[in-house]
Every structure is written in C-alpha cells, then in structure tokens.
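Structural overview
Here is what each chain is made of, one letter per residue.
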Amino acid sequence: MPDDEKTKAIASVSNKGKDAFSMGKNYLLAIGINDYAAHSKLKNAVKDVQDIAALLASRYAFQPEAPFSRFLLDGQATEKAIKKSLRELCATLQPDDRALIFYSGHGHLDPVTKLGYWIPADAEKDESDYLSNSIVRDFIKAMPCRHVLLISDSCFSGELLVRDASRQADGAFADWERKKSRWVFCSGKEVVSDGKAGENSPFAAEILRCLREQSEARQPLEIVRLANEVTRIVRHNFEQQAEALPLFGVGDKGGQFIFYPQKNEDAAFEKAKASRRREDLIEFLETSENPIQQEEILQILSEVEHEEAWQEVSKYSYADLFKFVQKHPGSPFAPEARQQMAALKAKSDAARSQDLERQKRAAEAERLRREAEKQKEEEERERQRRRS
C-alpha cells in the first residue's frame, strides 16, 4: 500500500428516520493488522479499526464491550482466530440483530483465479495460509441476523458480488430495515493506500468523516449513500476504486444496513462516565445539549486531565512539582505534590547542611595548616637569630 495523504471533504447526507418496529442489537467484529510475520508491515490498519469502533460506540449505539464488540488486532488476528470469531458471531446473533464486520489489513487477489483473500497476521507468503473471501462469505451466509455489512479495507473478490444490483439511494428506511441485507463495501480491487503513518487510510478517513457528519445531523445513513459518497471522494483523490454491492447467494433480500445516530444522551452520558477516557468525554461534550450532564462530564474531564498531568510529572523534580502546583492548585494531587516538594526541600536542606559542615571542616583544617606553617616559620627565624 503506497503512502498517501488523508482525504478531507464535506458531505451532505440526510433522509427520513426509521419507522417503529422491532430492532435487535448491534454487533461488531473488528480485525486490524499492522504487524505481519512474513509480509510488509502496515501503518494505520489498527488505528483505522480502533477509530471506527470508537465512533460507532460513541455516536451509533454500538456497545464497546464483549460480546457486542470483538477485536482481533495484530498477532491476535490469526487465520484460526478469525474463523473462530466468525463462528462465535454466527452462534450469538439473533434474527433482528445487525452485524458489522470490519477488516483492515493486507489482501490478495489471485490474477489467475480472480479469487480474493485476506492475509492473516501469521500467514506465510503462500495462498494456502490466506483466508479466502469465499470462506468469509460462507460464514456470512450462516449468520441468522437481519443485516450483515462487511467493510473490507483491502481487495475483495468481485466474483462473490451481485453485479447488477442497484446502487440507488431512493427508498424508505422502514423497507430497507425490514428486509434482510448482506452487503460488502471494499476499498479497492487492486493495491489500496494505507495512508500516512499516524493518520487513517483514505478509505477509513472518508467513512469516519461521513459517519461523523451524519451523527451531527442526527439523521440515519444507509450503506448505499455512505458508499456512494466515500467511493466518489476516494476515486477523485486516489488511484483506487472502492465499491459496495450485495453478496451473491447468501440471502440478501434488498434491504440495507443503516447507521442510526445515537440520540439517547443518557446512555452516552453513562458510557462516558464509566469509561473516563479523554476521547469519550470530549466526544460527549461535543454532541450533548444537556448542561447538567455537561457540567458533570467537565468535572470528570478535569479530573482525568489532572491525573494525566500528574502522571507526566517527575516526582524527583522540584521544578516539575512546582509548575504542577502553580498550574493545578486545586488538583486532588496538589497536596501530594506539595508533600513531595517539602521532602525534596528537606533533602536539599540536608545536603546543603552537609556541604556547609564539610566547608567548615575544610576551613578549620586550612586554618590549622596555616597556623602550623606560621609556627614553623617562627621557629626557623628563632634558630637563625640564635646562630647569628
């Protein structure tokens, strides 16, 4: 994957909300691999997975803990572990549930057979070690839930997709939600960009942008409009062709996976309070309209920032401790900082006293030496006087 700058653009996406009917739970299987045993390392695959999972948890009501969210990162993402996680997902899902599978890592498209593969973290450079797209397709076929969306930031076999499927965004959310769907959204057919180190891949960056903008608009977003926007921007700025289509032969009935922005501020509030993670707290403050909850989250954020600042302070540096107390006088760590400053001062005072004592002893020794020399000189003068 060559280096490219992350694409930034603005999308306008909106539509009518869902009608009232039975809604199941959201499940996420997130696979991200930077470190490979026998293949070149990637820079942003793990970050892409973590950033998208965090956004889904904070803004789209995906629960971040197991069994609702499962993560296979770097060395955890072996072929065996991926298959096991897919099977566990099949066993967990219920008829009204929705499953999102996100893969970010190396892929391989066989130029002869046109078959696509994911490359697990432990794979050697041999297709027999790769995970075939057709195997992933078979697991998806076995999932008993209403919706499955596979997002693959790597190539995916075009032979497994429904080529004449419509990519029109016209329709009703209620119809898309009620009908089963099995979609694949992949970042390209050949080599795709990993992006600059520490950022996101162009594909993941655009997904994040669209989902953020749509959550701020408090409007649902179906996979077709998400794919149309992401595909357009990626195609205009990078040499890769993303595509989204239903999977062939796995039970797709014309529905669509829909991302519903989380509107329950109480749930987001409790989640931010429980996690005490800076990014979750800031995310809540950016989206909340409840001043009472904002005040409490601000207090927690202040505590977290004090904790982080305290962790960065060298407990053996008076200057660092002094700066911390000056900057955070009301911090719960300020008393400890003052105690540590007092201890350092006492240690410094003791060292200074020892230095003074050493200086006094040295001065006294020097005085005695000079007196001895003076006495010796006087005795020598007395001997010379007697000789004369």
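Figured I'd write up the structure that's included with this text. Remember, predicted model here, so these are calculated numbers, not experimental data.

What to know about unusual backbone geometry
The step from Ala-66 to Pro-67 runs through a cis peptide bond, and the omega angle for that step is 5 degrees. When you line up the elements, Pro-67 lands in the loop between helix H1 (45–59) and strand S2 (69–73). Here Asp-74, not a glycine, exhibits a phi torsion of approximately 50 degrees, which is positive. Within the element layout of this structure, Asp-74 appears in the loop between S2 and helix H2 (79–92). The phi dihedral of Lys-114 falls on the positive side, at around 65 degrees, and the residue is not glycine.

Quick notes on the sheet that holds strand S4 (residues 107–109)
Reading across the sheet, the three strands line up as S4-S5-S6 and stay open at both edges, with antiparallel pairing between neighbours. Two strands in the sheet have a free side with no partner beyond their single neighbour: S4 and strand S6 (131–132). Relative to S6, strand S5 (residues 116–118) runs antiparallel, the two sharing two bridges. Bridge pairing in S6 links Trp-118 to Leu-131.

Let's talk about the pattern of salt bridges
Taken as a whole and judged by the stated rule, the model has 35 salt bridges. With its nearest N and O atoms 3.3 Å apart, the salt bridge here joins Arg-276 to Glu-307. Within this pair, whereas Arg-276 is found in the loop between helix H7 (265–275) and helix H8 (278–287), its partner Glu-307 is found in helix H9 (residues 291–312), the two being separated by 31 residues in sequence. When its relative accessible area of 31% is taken as the criterion, Arg-276 is described as partly exposed. By relative accessible area, which is 33% here, Glu-307 ends up partly exposed. Note that Arg-278 and Glu-305 form a salt bridge whose closest N and O atoms lie 3.5 Å from each other. Separated by 27 residues along the polypeptide, Arg-278 in helix H8 and Glu-305 in helix H9 bring together distant segments of the chain. When its relative accessible area of 32% is taken as the criterion, Glu-305 is described as partly exposed.

Thoughts on empty space enclosed by the protein
All chains considered together, the criterion is met by one cavity of 30 Å³ or more. Its volume calculated, the largest cavity comes out at about 30 Å³. In terms of lining, the largest cavity is formed by Ile-52, Leu-56, Leu-100, Phe-102, Ile-151, Ile-207, Leu-211 and Phe-259. Secondary structure elements with two or more residues in the lining of the largest cavity: H1, strand S3 (98–104) and helix H5 (202–216). Residues of the lining of the largest cavity, tallied by class, amount to eight nonpolar, no polar and no charged.

What to know about the packing of aromatic side chains
Counting across every chain of the model gives nine aromatic pairs. Measuring from centroid to centroid gives 6.1 Å for Tyr-117 and Tyr-130, while their planes differ by 65 degrees, and the two rings are edge-to-face. Placement of Tyr-117 in strand S5 and of Tyr-130 in the loop between S5 and S6 is noted, with a sequence separation of 13 residues between them. Cluster of aromatic residues (ring-pair linked, three or more members): Tyr-60, Phe-257 and Phe-259. Note that Arg-98 overlies the ring of Phe-257, its terminal NZ or CZ placed 4.4 Å from the centroid.

A closer look at the side chain of Asn-26
Following the sequence through the fold, Asn-26 ends up in strand S1 (residues 26–32). A distance of 2.7 Å separates polar atoms of two side chains, one belonging to Asn-26 and the other to Arg-98. Residues within four places of Asn-26 in sequence aside, it is in contact with Tyr-60, Ala-61, Phe-62, Phe-68 and Arg-98.

Describing the pairing of strand S10 (residues 243–246)
Along a regular strand, successive side chains alternate from one face of the sheet to the other. Judged by which residues are buried, S10 turns out to be covered on both faces: Glu-243 and Leu-245 on one side and Ala-244 and Pro-246 on the other are all buried. Pairing of strand S8 (residues 181–186) with S10 involves four bridges; the strand directions are antiparallel. Paired with Trp-183 across the strands is Pro-246, a residue of S10.

A few points about the environment of Gln-241
If you trace the backbone, Gln-241 turns up in the loop between helix H6 (223–237) and S10. The partly exposed category is assigned to Gln-241, whose relative accessible area is 30%. Placed 53 residues apart in sequence, Gln-241 and Gly-188 show a C-alpha to C-alpha distance of 4.7 Å. Leaving out residues up to four positions away in the same chain, Gln-241 has contacts with Ser-187, Gly-188, Lys-189, Thr-231 and Arg-235.

Section: the side chain of Asp-153
Looking at the element boundaries, Asp-153 is found in strand S7 (residues 147–153). Lacking a salt bridge, the buried Asp-153 has Lys-43 as its closest oppositely charged neighbour, with an N-O distance of 12 Å. Of the polar contacts made by the side chain of Asp-153, one reaches the side chain of Ser-187; its length is 2.9 Å.

Cut-off values and rules
- Residues numbered from 1 in each chain as written.
- Predicted model: local features only at pLDDT ≥ 70, side-chain atom pairs only at ≥ 80, totals over all residues.
- Heavy atoms only, no water.
- Helix = DSSP H or I, 4+ residues; strand = E, 2+ residues; numbered from the N terminus.
- Pairing = 2+ DSSP bridges.
- Salt bridge = Lys/Arg side-chain N within 4 Å of Asp/Glu carboxyl O.
- Buried < 20%, exposed > 50% of the residue type's maximum accessible area, 1.4 Å probe, protein only.
- 1 Å grid on protein atoms, 1.4 Å probe; cavity = no way out; pocket = protein on both sides within 12 Å on 5 of 7 lines; lining within 4 Å.
- Points joined across faces, edges and corners; volume = space filled by probe spheres on them.
- Nonpolar A, V, L, I, M, F, W, Y, C, P; charged D, E, K, R; others polar.
- Phe/Tyr/Trp six-rings, centres within 6.5 Å; stacked < 30°, edge-to-face > 60°.
- Lys NZ or Arg CZ within 6 Å of the ring centre and 35° of its normal.
- Polar contact = N/O pair within 3.5 Å; in protein donor to acceptor, adjacent residues only side chain to side chain.
- Contact = heavy atoms within 4.5 Å.
- Lys, Arg positive; Asp, Glu negative; His and termini not counted.

It is worth stressing that arrangement in space is one thing and function is another; only the former is reported here.
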